Amino acid sequence: MLELVLSEASRPSAPALHGRQRVGMPQLALNGLSESWLLADCGDRHWQLLAAAAGMPVSRLRDGGGRRVYPAFRAVRLRHGRLGSVAEDDELEVASQLGRVSRTQFYSKHVVSAGAGLCAVVEMQSVFVARETAGLNTSAVRSPVAGLEHVPALDEGLRFAELNRRVAQAPQEREPGRSARGGHSYAPLSVHPCPSLHFNGAGFLYFARFHELVDQAEWGWFGPRAAACLSTERHLLYHGNADVGSALSVQLCAVEQGEAGLHHHCQLLAQAEKRPLADVFTRRSPRREQGDFLETLFEPRG
């Protein structure tokens, strides 16, 4: 079980969490540590840090009008990914810290290591939102929450927020797709998020499922080549959310393929309105220690 400890030295101005977790099948995917599990776990830690700073569970946070507020992610970035270095029965260690970006926005950094050393750094930027219309995710708007003014700014968080702003405003200079070939495109792929799989308990399309929809499209475009790759870097910018039953479209905006791996920039759209929901920049490299299983996974049967 993951043990979370609030750092006494940092209370109350900069809450921090430190936890250890034995790696089992829930934490693993085909090639190593599950990226989906990792992002979801770091997201939960981000919310626990906010709760520690506020002195109450996140579920009890309200805005000035008494509306329930939710910490929605604006950006998530995975860096220094060595997910393939993690194996069953390893002990995973995660060190997290929270900082302020603005009156309504917060930043957290999660340093993830295992027996082989550093295996990922995850950065997250969130904003508090509230629904203006009950049950309608597209009505969510930014809403401030009192009681968190004491959380200090972190230089890393301010730099991350500035990076996200530049990436959003300068499409031709976006990272990590800066080396991708412009003008390359495939036919858009339609995806239909499943209510029981892709939406969270608050009724929103879960932030840790956006990249899964891109990976589903990636599998359709590139097939077995993509199956042997792991993310070394993933940068997600969230622009909005979708309601249950919405059809989405994944656009491949730029791609670069080679021996070094598979890198691409995809955009997730609400299909009917052509409304951007997210930009997802991905750098993936083949797993070097593939072993017999992956080497024969896609071989024709004799």
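As a starting point, this report considers the structure included with it.

What counts, and at which threshold
- Residues numbered from 1 in each chain as written.
- Predicted model: local features only at pLDDT ≥ 70, side-chain atom pairs only at ≥ 80, totals over all residues.
- Heavy atoms only, no water.
- Helix = DSSP H or I, 4+ residues; strand = E, 2+ residues; numbered from the N terminus.
- Buried < 20%, exposed > 50% of the residue type's maximum accessible area, 1.4 Å probe, protein only.
- 1 Å grid on protein atoms, 1.4 Å probe; cavity = no way out; pocket = protein on both sides within 12 Å on 5 of 7 lines; lining within 4 Å.
- Points joined across faces, edges and corners; volume = space filled by probe spheres on them.
- Nonpolar A, V, L, I, M, F, W, Y, C, P; charged D, E, K, R; others polar.
- Pairing = 2+ DSSP bridges.
- Salt bridge = Lys/Arg side-chain N within 4 Å of Asp/Glu carboxyl O.
- Expected span 1.5 Å × (residues − 1).
- Arc of directions from axis to C-beta.
- Contact = heavy atoms within 4.5 Å.

## Considering the overall build of the chain
No. 1: Check the secondary structure of the chain and you find 6 helices and 14 strands.
No. 2: Residues classed as buried in the chain amount to 50% of the 302 residues present.

## Digging into the layout of surface pockets
No. 1: Estimated volume of the largest pocket: approximately 880 Å³.
No. 2: In this structure, the largest pocket is lined by 38 residues; those nearest its centre are Pro71, Ala72, Phe73, Val127 and Val129.
No. 3: Every element with two or more residues in the lining of the largest pocket is listed here: strand 5 (70–79), strand 8 (117–131), strand 9 (140–142), helix 2 (155–169), strand 11 (229–238) and strand 14 (275–286).
No. 4: It is strand 5 that provides the largest number of residues to the lining of the largest pocket, a total of 6 residues.
No. 5: Grouping the amino acids of the lining of the largest pocket by side-chain chemistry returns 22 nonpolar, 11 polar and 5 charged.
No. 6: The volume enclosed by the second largest pocket comes to roughly 420 Å³.
No. 7: Counting residues per element, the ones that place at least two in the lining of the second largest pocket are strand 4 (32–33), helix 1 (35–54), helix 4 (210–222), helix 5 (224–227) and strand 11.

## Regarding the pairing of strand 5
No. 1: The buried count for strand 5 comes to 8 of 10 residues, which makes it a mostly enclosed element.
No. 2: Across 9 bridges, strand 5 lies against strand 8 in antiparallel orientation. Across the sheet, the residue bridging to Ala75 is Gln125, located in strand 8.
No. 3: Two strands pair when backbone bridges link them, and strand 5 and strand 11 are joined in this way by 4 bridges, in the antiparallel orientation. Its bridge partner being in strand 11, Arg77 is matched across the sheet by His235.

## Re the pattern of salt bridges
No. 1: Applying the stated rule across the entire model yields 13 salt bridges.
No. 2: Notably, a salt bridge pairs Glu93 with Arg20, separated by 3.8 Å at the nearest N-O pair. With Glu93 in strand 6 (residues 91–100) and Arg20 in strand 2 (residues 16–22), this residue pair connects regions lying 73 residues apart in the sequence.
No. 3: Judged by relative accessible area, Glu93 falls into the partly exposed class, the value being 27%.

## Observations regarding helix 4
No. 1: Counted at 1.5 Å a residue, the expected span for helix 4 with its 13 residues is 18 Å, and the 18 Å between its end C-alpha atoms agrees.
No. 2: Along helix 4, the residues classified as buried are Phe210, His211, Leu213, Val214, Ala217, Glu218, Trp221 and Phe222. Angular distribution of buried residues about the axis of helix 4 spans 155°; they occupy a single face of the element.
No. 3: Looking one or two places after helix 4, you find Gly223, whose phi comes out positive at around 60°.

## Some details on the environment of Ala242
No. 1: Of note, Ala242 is situated in the loop between strand 11 and strand 12 (248–258).
No. 2: Along the backbone, Ala242 and Pro193 are 49 residues apart, and their C-alpha atoms lie at a distance of 9.3 Å.
No. 3: If we ignore the near neighbours within four places in the chain, the residues touching Ala242 are Asn137, Phe199, Leu205, Leu248 and Leu277.

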